[in-house]
Amino acid sequence: ARLAFLAFDDFLRGRPRDEVVETARRACHERARLGAEAEELGPVPMDAFVLAYGDAGAEALPIWQRYFERARQRGSPLDHAIVCEGRLTGRWLAGLVPQALADAETALAMAGRGFEVHSISARVVRSESLLEVGDVEGAAATLDVGDELLGRLPGTWGAVFLPFARSRVRLEQ
């Protein structure tokens, strides 16, 4: 867990990609060495986020799949929403657009059950996909989150990704 969070912290601080990805890979190695016990450390494999954003998304996907299966077995809606949010990003960055969209739709459905903050990555992926097929209006509508949710985003992924996605839509408009 320590290595995973160090990799994530280094990622957020803009450290060199190769160093950050190597730390994330070390965390993955330790996770594999510890087996199922390691996955009890929490619902979010931070090293998988780092691998996905560090252009090593294919390495992250099996990690997300294991966490997805665990969330499903536990029946935890929160774990399920978190894993779908993380996995959709990894799938999107790996070019697995239909699979990413499936996770996006699941995360958006979960948002209606009280997990709105976890919908931002899903909205971004959905918006990007709609831009790919020329649906600029649909992409813009997907990113219309309302003032209440916007006020809850500081300190979350959404605070970074929502403005980026909106700028992409505006460029297309």
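The structure this text deals with has already been given above.
Read on for an overview of the structure. Source: prediction; values computed, not measured. (Residues numbered from 1 in each chain as written. Predicted model: local features only at pLDDT ≥ 70, side-chain atom pairs only at ≥ 80, totals over all residues. Heavy atoms only, no water.)

Let's talk about the overall build of the protein
So, point 1. Looking only at helices and strands, the protein has 10 helices and 0 strands in total.
So, point 2. The linear arrangement of helices and strands in the protein, starting from the amino end, is α-α-α-α-α-α-α-α-α-α.
So, point 3. Computed over the C-alpha atoms, the radius of gyration of the protein is 16 Å, within 12% of the 16 Å expected from 2.2 N^0.38 for a compact globule of 173 residues.
So, point 4. Dimensions of the protein, computed from C-alpha atoms along their principal axes, come out at roughly 50 × 40 × 30 Å.
So, point 5. The burial tally for the protein puts 46% of its 173 residues in the buried class. (Helix = DSSP H or I, 4+ residues; strand = E, 2+ residues; numbered from the N terminus. Rg over C-alpha atoms; globule rule 2.2 N^0.38 Å. Buried < 20%, exposed > 50% of the residue type's maximum accessible area, 1.4 Å probe, protein only.)

A short note on unusual backbone geometry
So, point 1. With a phi angle near 65 degrees, Asp55 is a residue other than glycine that sits in the positive phi range.
So, point 2. Along the chain, Asp55 falls in the loop between α3 (46-53) and α4 (57-74).
So, point 3. Note on Asp55: relative accessible area 64%, which makes it exposed.

Considering the environment of Asp135
So, point 1. Along the chain, the position of Asp135 falls in the loop between α7 (119-132) and α8 (136-142).
So, point 2. When its relative accessible area of 32% is taken as the criterion, Asp135 is described as partly exposed.
So, point 3. With 37 residues separating them in the primary sequence, Asp135 and Glu172 have C-alpha atoms 9.8 Å apart.

With respect to the packing of aromatic side chains
The description of two aromatic rings rests on the distance between their centres and on the angle between their planes.
So, point 1. Within this structure, the stated rule accounts for 5 aromatic pairs.
So, point 2. Taken together, the ring pairs in this structure connect Phe8, Phe11, Phe49, Tyr53, Trp64 and Phe161 into an aromatic cluster. (Phe/Tyr/Trp six-rings, centres within 6.5 Å; stacked < 30°, edge-to-face > 60°.)

A look at the packing of α7 against helix α10 (residues 158-172)
So, point 1. Orientation of α7 relative to α10, taken along the N-to-C sense of each, is 15 degrees, at an axis distance of 9 Å. By the criterion of interaxial angle, the relationship of α7 to α10 is roughly parallel. When you trace α7 past α10, the crossing you get is left-handed. Along its contact with α7, which presents Ile120, Val124, Ser127, Glu128 and Leu131, the element α10 presents Gly158, Phe161, Leu162, Phe164, Ala165, Arg168, Val169 and Glu172.
So, point 2. For the contact of α7 with α10, the class distribution of residues is 8 nonpolar, 2 polar and 3 charged. (Axes fitted to C-alpha atoms, helices over the stretch in contact; angles between N-to-C directions. Parallel < 35°, antiparallel > 145°, perpendicular 65-115°, else oblique. Left-handed = near helix turned anticlockwise from the far one by under 90°. Contact = heavy atoms within 4.5 Å. Nonpolar A, V, L, I, M, F, W, Y, C, P; charged D, E, K, R; others polar.)

Some details on the packing of helix α5 (residues 77-93) against α7
So, point 1. Running from N to C, α5 and α7 point in directions that differ by 30 degrees, and their axes come no closer than 9 Å. Relative to α7, the element α5 is oriented roughly parallel. Relative to α7, α5 is oriented so that their crossing is left-handed. Contacts between α5 and α7 involve Glu85, Leu88, Thr89 and Trp92 on the former and, on the latter, Ser121, Ala122, Val125, Glu128 and Ser129.
So, point 2. Residues belonging to the contact of α5 with α7 are distributed by class as follows: 4 nonpolar, 3 polar and 2 charged.

Observations concerning the side chain of Ser129
So, point 1. Within the secondary structure, Ser129 is located in helix α7.
So, point 2. On the basis of relative accessible area, Ser129 is assigned to the buried category, the value being 8%.
So, point 3. Here the side chain of Ser129 touches Val125 through a polar contact of 2.9 Å, landing on its backbone oxygen.
So, point 4. Sequence-distant contacts of Ser129, defined by excluding residues within four places in its chain, comprise Trp92, Val97 and Leu101. (Polar contact = N/O pair within 3.5 Å; in protein donor to acceptor, adjacent residues only side chain to side chain.)

Purely geometric stuff here, so don't read any function into it on its own.
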